[in-house]
Amino acid sequence: MDRLRRNNDNDSRIDYGIILPVFILCLIGLLSLYVALSHDPRDPNIFRSLVMQTVWYFVGALAIVVIIHFDAKLLWRLTPFLYVIGLAVMLALLKYYDPTLAASTGSKNWFKFGTLTFQPSELMKIAYILMMALTITKHNVTNKLHTLKNDLVLIGKLLLVTIPVLVLVLAQKDFGTMLVFLAIFAGMFLISGISWLIVIPVIALAAVVGISLILLVATDTGREMLTHLGFKNYQFARIDSWLEPFHDPQGESFQLAHALMAIGSGGLFGTGYNVSHVYVPVRESDMIFTVIGENFGFVGGAFVILIYFILIYRMIRLSFDMNNEFYAYIASGIVMMMLFHVFENIGANIGLLPLTGIPLPFISQGGSSILGNMIGIGLILSMRYQSADKQPVRRTRRA
């Protein structure tokens, strides 16, 4: 009876409302990857790719099982080390990146070990979220009143955490990943307790900068200015394709134009599983949503978005149930990371946003992305698992 009672207690501490959507997305990922590779003219080794994807799912699941036993006190102590190690690995990448992938993608963001490739920035996202959460929590514990001076000090601390990461990502020429870090920063900045007298002007400034960049891209003079600032021709080409997907469907806008044709050909219910009439480059990773749109149509795409909505809703709901400030900030960072990935990837596939090379969580091919997202899920699940008998991080830190 005691063993049965303990098992029931453990089950009640595990949020299956989070685990089930992740499992469904992983299953959709395997099915979609098979279709993408089956119609790839490069003739990849489909069996090996599917096995490797499955292995990464199991590695991610193992990471969840381990991380779920990490309490707030342990995470608090580990965070500075994980952040520094992450920066060191990102710095090493500038010298030891894979030149073949750098030549094909334009980004120096991959290590290569034999046939295995790995993108450290995916794990750096988690270390960055933890460090941001620790910084905000420490500041708010010390400065209980949110005066203008205290808020400006907090902004300075957050920038000190963020700037080294952005510098390294920019040095790797990985614009898409930089946007993810900025999205995480924005989400955690908004809920950090900083006064709206500061937040509103910052949002206005960000909007002005964004609109100004679009206007600069639209003019020759503006493009010349952006070129001097480090913008590359392929980045301009992506924006041109976004603004007019069919301006060069056999050239610069080939990928987006064919993505839109593939999704459009799916109609309401799709062409059927593994029935593909439109070739889309790099379909197994950045463009995986075109497989879902073509094979299962609007209904299939809406179902996938619904699963993501349920997953993110459950994560937000769980974070609200936690009486722990440190956990709340970690959860907000992870939610923002996944939400931005989903929004940007699907938005880019349907032409709503420019292509940035951001994978679709749990579905796109790629072990680095899978492992990073699984670790994020593990951290979310650990909050409920540990909440039954652990004290909030404030008390733990002062003990």
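Structural data are supplied above this passage.
Source: prediction; values computed, not measured. (Residues numbered from 1 in each chain as written. Predicted model: local features only at pLDDT ≥ 70, side-chain atom pairs only at ≥ 80, totals over all residues. Heavy atoms only, no water.)

The subject of this paragraph is the side chain of Thr356. Within the secondary structure, Thr356 sits in the loop between α14 (325-349) and α15 (367-387). Of the polar contacts made by the side chain of Thr356, one reaches the side chain of Glu344; its length is 2.9 Å. When near neighbours in sequence (up to four residues on either side) are disregarded, Thr356 contacts Gly176, Leu179, Arg238 and Glu344. (Helix = DSSP H or I, 4+ residues; strand = E, 2+ residues; numbered from the N terminus. Polar contact = N/O pair within 3.5 Å; in protein donor to acceptor, adjacent residues only side chain to side chain. Contact = heavy atoms within 4.5 Å.)

So, on to the packing of aromatic side chains. For the structure on display, the rule yields six aromatic pairs. Relative to Phe326, the ring of Trp76 lies with its centre 5.1 Å away and its plane at 75°, an arrangement referred to as edge-to-face. With Trp76 in helix α4 (residues 72-96) and Phe326 in helix α14, this residue pair connects regions lying 250 residues apart in the sequence. Neither residue differs from the other here; Trp76 and Phe326 are each classed as buried. With 5.8 Å between their ring centres and 20° between their planes, Phe185 and Phe189 make a pair best called stacked. In this pair, Phe185 and Phe189 both sit in helix α8 (residues 175-190), four residues apart, roughly one turn of the helix. The exposure class of Phe189 is buried, given its relative accessible area of 5%. (Phe/Tyr/Trp six-rings, centres within 6.5 Å; stacked < 30°, edge-to-face > 60°. Buried < 20%, exposed > 50% of the residue type's maximum accessible area, 1.4 Å probe, protein only.)

Turning our attention to the nonpolar core. The biggest cluster of nonpolar side chains holds 89 residues, and the ones touching the most others in it are Met315, Ile330, Phe362, Ile363, Ile377 and Leu379. One finds Ala259, Ala262, Val280 and Ala348 within the second-largest nonpolar core, a separate group that totals eight residues. (Core = buried A, V, L, I, M, F, W, Y, C linked by side-chain atoms within 4.5 Å.)

Two elements in contact, α14 and α15, have axes whose closest approach is 10 Å; the angle formed by their N-to-C orientations is 150°. One way to sum up the angle between α14 and α15 is to call them roughly antiparallel. The handedness of the crossing between α14 and α15 is left-handed. For the pair α14 and α15, the contacting residues are Tyr327, Ile330, Ala331, Ile334, Met337 and Met338 in the first and Asn373, Gly376, Ile377, Leu379, Ile380, Ser382, Met383 and Gln386 in the second. (Axes fitted to C-alpha atoms, helices over the stretch in contact; angles between N-to-C directions. Parallel < 35°, antiparallel > 145°, perpendicular 65-115°, else oblique. Left-handed = near helix turned anticlockwise from the far one by under 90°.)

The residue Glu284 is located in the loop between α12 (254-266) and α13 (289-321) in this model. The contacts of Glu284, once residues within four sequence positions are left out, are Leu33, Ala36, Leu37, Asp40, Arg42, Ser364 and Gln365.

Its 16 residues give α8 an end-to-end C-alpha distance of 23 Å, which sits within 8% of 22 Å, the value for a rise of 1.5 Å per residue. Considering only its buried residues, α8 is in contact with α6 (121-142), α7 (148-171), α9 (196-217) and α14. (Expected span 1.5 Å × (residues − 1).)

A contiguous nonpolar patch, built from Leu20, Phe23, Leu27, Leu31, Tyr34, Tyr273 and Phe296 and spanning about 660 Å² of accessible area, is present on the exposed surface. Ranked by residue count, the leading element in the nonpolar patch is helix α2 (residues 16-38), at five residues. Mapped onto the fold, Leu31 is located in helix α2. For Leu31, a relative accessible area of 41% puts it in the partly exposed group. (Patch = residues over 30% accessible without salt bridge, like charges linked within 9 Å, V, L, I, M, F, W, Y side chains within 5 Å. Areas by Shrake-Rupley, 256 points an atom, 1.4 Å probe, with all protein chains shown as cover. Salt bridge = Lys/Arg side-chain N within 4 Å of Asp/Glu carboxyl O.)

We now examine the environment of Gly264. With respect to the helices, strands and loops of the structure, Gly264 is situated in helix α12. Taking the C-alpha atoms as reference, Gly264 lies 7.7 Å from Gly293; in sequence the two are 29 residues apart.

Let us now look at the packing of α12 against α13. Interaxial distance between α12 and α13 falls to 6 Å at its minimum, and their mutual angle equals 25°. By the angle between their axes, α12 is roughly parallel relative to α13. Between α12 and α13 lies a crossing whose hand is left-handed. Taken together, the residues of α13 that come into contact with α12 (itself represented by Ala259, Ala262, Ile263, Ser265 and Gly266) are Phe289, Thr290, Gly293, Glu294 and Gly297. Classifying every residue of the contact of α12 with α13 gives four nonpolar, five polar and one charged. (Nonpolar A, V, L, I, M, F, W, Y, C, P; charged D, E, K, R; others polar.)

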